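Now for the letters of each chain:
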Amino acid sequence: GASILSKQALQDPVAIQSPMQPAVVLKVLKEHGVEGCRYFPYAEFEIPGLPRFGIASVHLPSCGQLKELLFQAEGLCEELNRKNVHAMIIAGDMNIFAFMMRYVPFAGRKDLVCSCKSEHNEFRRVMHRNEFQDPFKNSNGTHQSLPGKLDWIFVNSAFACKRCEMERRSKPAEKQPSDHLYSFVELVASAPASQTHM
């Protein structure tokens, strides 16, 4: 699932439909006689001192080939580019694994990646091509035990990152409330006239 939680009022919330589903997901849905699509919650915000901006919350499938996940990300970026709002934030669980993890048959993952390139580098390259930047750059992953960088926050040129931090692996994984490490960013508007934080 995915959601947007905010102290500020949400403007024009919508659910953006993903342009496709991974083949393995479609197969499972068909076997169970289920019809459905993946959606990305999207809303806009108006905060004094900041340009009106949009946020998309993303949860990509934990199965499927890398090229299918990249296609879904590209489709979302194309949809956001058609919005009248320039300032954008994309955040969520992208389920990007270390390359070898896709060869491990856990949680029903039986398909193989069609590329030998590092997944997080490929994913970051796709987002950069759509003019989104990763404030964390080369972080060491966001999972308690797996090496993959699953969780991401992307911003475009409307924002500058003042501070970013990621939860440290300080407790045994079984004592953590989640198997994901939280990520946090403090942003300011790129325009020099405004120093309002969010």
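Conventions used here
Residues numbered from 1 in each chain as written. Predicted model: local features only at pLDDT ≥ 70, side-chain atom pairs only at ≥ 80, totals over all residues. Heavy atoms only, no water. Disulfide = S-S within 2.5 Å. Helix = DSSP H or I, 4+ residues; strand = E, 2+ residues; numbered from the N terminus. Buried < 20%, exposed > 50% of the residue type's maximum accessible area, 1.4 Å probe, protein only. Lys, Arg positive; Asp, Glu negative; His and termini not counted. Salt bridge = Lys/Arg side-chain N within 4 Å of Asp/Glu carboxyl O. Polar contact = N/O pair within 3.5 Å; in protein donor to acceptor, adjacent residues only side chain to side chain. Contact = heavy atoms within 4.5 Å. Pairing = 2+ DSSP bridges. Axes fitted to C-alpha atoms, helices over the stretch in contact; angles between N-to-C directions. Core = buried A, V, L, I, M, F, W, Y, C linked by side-chain atoms within 4.5 Å. Phe/Tyr/Trp six-rings, centres within 6.5 Å; stacked < 30°, edge-to-face > 60°. pLDDT = per-residue confidence, 0-100. Parallel < 35°, antiparallel > 145°, perpendicular 65-115°, else oblique. Left-handed = near helix turned anticlockwise from the far one by under 90°. Nonpolar A, V, L, I, M, F, W, Y, C, P; charged D, E, K, R; others polar.

## Focus: the state of the cysteines
Part 1: In this structure the tally under the stated criterion is 0 disulfides.
Part 2: With no disulfide of its own, Cys161 has Cys164 as its nearest cysteine by sulfur position, at a separation of 4.4 Å.

## Here we look at the side chain of Asp93
Part 1: With respect to the secondary-structure elements, Asp93 resides in strand E4 (residues 87–93).
Part 2: The side chain of Asp93 sits in the buried core without any salt bridge; Arg38 is the nearest counter-charge, 8.3 Å away.
Part 3: Polar contacts involving the side chain of Asp93 include one to the main-chain amide nitrogen of Asn95, which spans 3.0 Å.
Part 4: When residues no more than four places from it in sequence are discounted, the contact partners of Asp93 are Val58, His59, Leu60, Leu150, Asp151 and His180.

## Description of the sheet that holds strand E1 (residues 11–17)
By way of backbone hydrogen bonds, the strands of a sheet pair with one another, either parallel or antiparallel.
Part 1: What the 5 strands build is an open sheet, ordered E1-E2-E3-E4-E5; its pairing is mixed. The open sheet has two edge strands, E1 and strand E5 (151–155), and neither has a second partner. Across this sheet, the average inter-strand angle for adjacent strands is 15°, counted without regard to direction.
Part 2: As paired strands, strand E2 (residues 39–45) and strand E3 (residues 53–59) are joined by 4 bridges and run antiparallel to one another. Residue Phe45 lies in a different strand from E3, and its bridge partner there is Phe53.

## Observations regarding the pattern of salt bridges
Part 1: On inspection of all chains with the given rule, the structure shows 9 salt bridges.
Part 2: Between Glu46 and Arg52 there is a salt bridge whose closest N-O contact spans 2.6 Å.
Part 3: For Glu79, the salt bridge goes to Arg82, with nearest N and O atoms at 2.8 Å.
Part 4: For Arg82, a relative accessible area of 57% corresponds to the exposed category.
Part 5: One connected set of salt bridges, linked through shared partners, spans Asp12, Glu44, Glu46 and Arg52.

## With respect to the nonpolar core
Part 1: Counting 24 residues, the largest nonpolar core has Leu76, Leu80, Ile90, Met94, Phe123, Met127 and Phe132 as the members making the most contacts within it.
Part 2: Broken down by secondary-structure element, the contributors of at least two residues to this core are E2, E3, helix H2 (66–81), E4, helix H3 (119–129) and E5.
Part 3: Filtering out sequence-adjacent residues up to four positions away, Phe123 remains in contact with Leu60, Leu70, Ala73, Met94, Ile96, Trp152 and Phe154.
Part 4: Judged by nonpolar contacts, the second largest core, of 19 residues, contains Ile55, Ala87, Ala158 and Leu181.

## A closer look at the packing of aromatic side chains
Part 1: Within this structure, the stated rule accounts for 5 aromatic pairs.
Part 2: A ring pair is formed by Phe45 and Phe53, whose centres lie 5.4 Å apart and whose planes are at 20°; its orientation type is stacked. Across this residue pair, the class does not change: Phe45 and Phe53 are buried.
Part 3: Aromatic pair Phe53 and Phe159: ring centres 5.7 Å apart, planes at 85°, arrangement edge-to-face. In this pair, Phe53 is assigned in strand E3 and Phe159 in strand E6 (residues 159–166), connecting sequence segments 106 residues apart.

## Remarks on the confidence of the model for the chain
Part 1: The predicted model of the chain has a mean per-residue pLDDT of 81, with 80% of residues at 70 or higher.
Part 2: This model gives residues 106–117 a pLDDT under 50, and the stretch forms 26 contacts once residues within four places in sequence are excluded.

## What to know about the packing of H2 against H3
Part 1: Relative to each other, H2 and H3 sit at 20°, their axes nearing to 10 Å. With respect to each other, H2 and H3 are oriented roughly parallel. Between H2 and H3 lies a crossing whose hand is right-handed. Within the contact between the two elements, H2 uses Leu66, Leu70, Ala73, Glu74 and Cys77 and H3 uses Glu119, Glu122, Phe123, Val126, Met127 and Arg129.
Part 2: Considered class by class, the residues forming the contact of H2 with H3 number 7 nonpolar, no polar and 4 charged.

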